[in-house]
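Coordinates in review
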Amino acid sequence: MLAQIRAHHPRAGRTKEAVVSERLGSLDNPRALSLIAIHEHGIPTEFPDDAIAEAEAAGAVSEDNRTDLRDVPLITIDGSDARDFDDAVFAQAEGDPKAPDGWRIIVAIADVAHYVRPGSALDQEARKRGNSAYFPDRVVPMLPEALSNGWCSLRPNEERGCLAVELRIDAEGRLKKHRFVRGIMRSAARLTYEQVEAAYNGEPDDTTAPWSRRSSAPFTAPTTAFSRIASAAVHWTWTCPSARSS
């Protein structure tokens, strides 16, 4: 349970009184554990009116000075219970798809900075939190819902501002070149880890089947490309003296 200590009077000695403000329930209940952690660590759960007003006044980004990524089939991959989708990926084999000589990779994240301006009420509240906090039964967002589940969420078939990096890697996973862009994108699908794994293993569902019938590339290319990058990174770590000593 949650309790608040009443104002202590010196004449009362060491005895203090408390008022129960909320009954949390059994410790076997995820809700109770979440609330205990939230209160124990002082995680803010409410937003002031001015921060909410700034979030609700937000709107779509302009196409001006943005790289158009709307035709790139970027997809988000998250847990089945996720509510905010703030990053998306795309990978495409270059050369012969059966024996690619490299990959083009795009990783995009929601352009939060477009909406959270330095010194604004949203900025001040975000600084208090530092990040969203995830619990078994809830998420305590860093930003009000109009942004965290709205304009800063890469929902399928909705245009969103993003920051993206485009990478070109060779067949061994070594970076050949890259560029950063401020873009505008349209997520092609909201997928879960389980969906992607099943499609990769040849067991697509209604969402992933259309892509799988055309090609398995949306699922095999990202997996292969990122595994090559990981292998290259491990090789670099073990062969670079400065990396081993750091």
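Everything discussed here concerns the structure shown above.
About the criteria used
- Residues numbered from 1 in each chain as written.
- Predicted model: local features only at pLDDT ≥ 70, side-chain atom pairs only at ≥ 80, totals over all residues.
- Heavy atoms only, no water.
- Helix = DSSP H or I, 4+ residues; strand = E, 2+ residues; numbered from the N terminus.
- Buried < 20%, exposed > 50% of the residue type's maximum accessible area, 1.4 Å probe, protein only.
- Contact = heavy atoms within 4.5 Å.
- Areas by Shrake-Rupley, 256 points an atom, 1.4 Å probe, with all protein chains shown as cover.
- Arc of directions from axis to C-beta.
- Pairing = 2+ DSSP bridges.
- Salt bridge = Lys/Arg side-chain N within 4 Å of Asp/Glu carboxyl O.

1. Observations concerning the overall build of the protein
If you tally the helices and strands in the protein, you get eight helices and 11 strands. Across the 246 residues of the protein, 35% fall into the buried class. Contacts spanning at least 24 positions in sequence make up 58% of the contacts within the protein whose residues lie at least 6 apart. For the protein, the accessible surface area stands at approximately 15,300 Å², while carbon and sulfur atoms represent 51% of it.

2. Here we look at helix α1 (residues 30-40)
Those residues of α1 that sit buried are A32, S34, L35 and I38. One side of α1 holds all its buried residues, which, seen down the axis, span an arc of 165°. G42 sits one or two residues past α1 and shows a positive phi near 65°.

3. Structural notes on the environment of A164
Following the sequence through the fold, A164 ends up in strand β9 (residues 159-170). Residue A164 is classed as buried on the basis of its relative accessible area of 6%. C-alpha of A164 to C-alpha of D87: the two residues are 77 residues apart in sequence and 9.4 Å apart in space. Sequence-distant contacts of A164, that is, excluding residues within four places in its chain, are made with L69, I106, V107, A108, R179, F180 and V181.

4. Looking at unusual backbone geometry
Look at N65: it is not a glycine, yet its phi comes out positive at around 60°. The residue N65 is located in the loop between α2 (49-56) and β3 (67-68) in this model. Judged by its relative accessible area of 81%, N65 falls in the exposed class. One non-glycine residue with positive phi stands out, namely N157, at about 65°. Within the secondary structure layout, N157 lies in the loop between α4 (145-151) and β9.

5. Looking at the pairing of β9
For β9, a buried count of nine out of 12 residues is recorded, marking the element as mostly surrounded by other parts of the structure. Here nine bridges tie strand β6 (residues 99-110) to β9, and the two strands are oriented antiparallel to one another. Directly across from G102, in β9, lies its bridge partner D170. Here β9 runs beside strand β10 (residues 175-186); their pairing, made up of 11 bridges, is antiparallel. Opposite E159, over in β10, you have R186 as the bridge partner. As consecutive antiparallel partners, β9 and β10 are separated by four residues, and within that stretch G173 has a phi angle of approximately 90°, a positive value.

6. Some thoughts on the pattern of salt bridges
Counted under the stated rule, the structure contains 17 salt bridges. Measuring nitrogen to oxygen at the nearest pair gives 2.8 Å for the salt bridge that ties R66 to D111. In this pair, R66 is assigned in the loop between α2 and β3 and D111 in the loop between β6 and α3 (121-129), connecting sequence segments 45 residues apart. With respect to class, R66 is no different from D111; both count as buried. A salt bridge links R129 to E125; the nearest nitrogen and oxygen atoms lie 2.8 Å apart. Of this pair, R129 and E125 both sit in helix α3, four residues apart, which is roughly one turn of the helix. In this structure R129 comes out as buried when scored by relative accessible area, which is 12%. Take E125: its relative accessible area is 7%, and that puts it in the buried class.

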